[in-house]
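# Examining the three-dimensional arrangement
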Amino acid sequence: MDNASANNLIISYLARALSVWNGHTLLSGKFMHMRCSTHILNLIVSDGLKEIDLSIRKIRVACKFVKSSPSKFASFKRCAQEVSVSTKAMLILDVPTRWNFTYLMLDIAEKYEHAFYRYKYVKAAYVLNLIPSEGEGCPKEIDWQHACVFISFLKTFYDATLSFSGHCMLLLTHFFKKLVSIQKSLNKWRHSDDLVIQRMITNMQLKFNKYWESGGTNHLLLVVFLTPHYKCECIKFCYNHMYGV
């Protein structure tokens, strides 16, 4: 179920009803509440996004301006050719409430960074319309740096979301591996020299701990050691990587 607080009550009622019906439930219903992993990922990333919201907003508004008319977009494509942008992917507009679309928007826009710089000198309206605006002006070098770091960091979460959402995948066999990769990514970026990134990681780690720290994880998600290619030694090895011996 998703992470709505009302579901806590529903699950407790369901556990009691099942117990009355057949006399017992698996492990007394203690681990019956399986929270949606994709929803938790969304909560974790959304908390991190708050710290670099301004940089994202600037890039979003820049993309919106370029895509606002065929003539503006044609002019931007010429700028991309002049600075030898190699990617064939086209700029997209994100959905601000869907972080995975924001990730995709940033991933493509970052490849056009030099085209945006060139566009400032070719299209005067680009600068005039973005200052002042909801984006607080054109993206600067620091905004692209934030975007680059964020793209690299967020790919782990994006891949995990695709895995958790797959229709033909058994989630249980994928969950633990993704849990380990997410925690390793948080550990890595926690030592960044950028204070904004540090605050972002701190917020995300707090949310991660709330649902997926050893005391908060539904332990039925960790029975992957019964899978032949994992075994208990693999679980110990992974936890050492996540938290140290």
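Residues numbered from 1 in each chain as written. Predicted model: local features only at pLDDT ≥ 70, side-chain atom pairs only at ≥ 80, totals over all residues. Heavy atoms only, no water.

So, on to the overall build of the protein. Scanning the protein from N- to C-terminus turns up eleven helices and zero strands. Its C-alpha radius of gyration of 22 Å places the protein more than 25% over the 18 Å reference for a compact globule of 245 residues. Referenced to the eigenvectors of the C-alpha coordinate spread, the extents of the protein come out at roughly 75 × 40 × 35 Å. Within the protein, the fraction of its 245 residues that count as buried is 41%. Excluding contacts between residues fewer than 6 apart, the proportion of contacts in the protein whose partners are at least 24 apart in sequence is 72%. Total accessible area on the protein is roughly 13700 Å²; 60% of this is exposed by carbon and sulfur atoms. (Helix = DSSP H or I, 4+ residues; strand = E, 2+ residues; numbered from the N terminus. Rg over C-alpha atoms; globule rule 2.2 N^0.38 Å. Buried < 20%, exposed > 50% of the residue type's maximum accessible area, 1.4 Å probe, protein only. Contact = heavy atoms within 4.5 Å. Areas by Shrake-Rupley, 256 points an atom, 1.4 Å probe, with all protein chains shown as cover.)

Here we take up the confidence of the model for the protein. Considering every residue of the protein, the mean pLDDT works out to 82; 91% of them sit at 70 or more. Looking over the protein, one finds the lowest element-wise mean pLDDT in helix 11 (residues 231–243), namely 78, and the highest in helix 4 (residues 70–82), namely 92. (pLDDT = per-residue confidence, 0-100.)

A separate point is the packing of helix 2 (residues 37–49) against helix 8 (residues 141–165). As a packed pair, helix 2 and helix 8 sit with axes 9 Å apart at the nearest point and diverge in direction by 165°. Comparing the axis directions of helix 2 and helix 8 gives the class roughly antiparallel. The two elements helix 2 and helix 8 cross, and the hand of that crossing is left-handed. Residues Ser-37, Thr-38, Leu-41, Ile-44, Val-45 and Leu-49 of helix 2 form the contact with helix 8, whose own contacting residues are Phe-150, Leu-154, Phe-157, Ala-160, Thr-161, Phe-164 and Ser-165. By residue class, the composition of the contact of helix 2 with helix 8 is nine nonpolar, four polar and no charged. (Axes fitted to C-alpha atoms, helices over the stretch in contact; angles between N-to-C directions. Parallel < 35°, antiparallel > 145°, perpendicular 65-115°, else oblique. Left-handed = near helix turned anticlockwise from the far one by under 90°. Nonpolar A, V, L, I, M, F, W, Y, C, P; charged D, E, K, R; others polar.)

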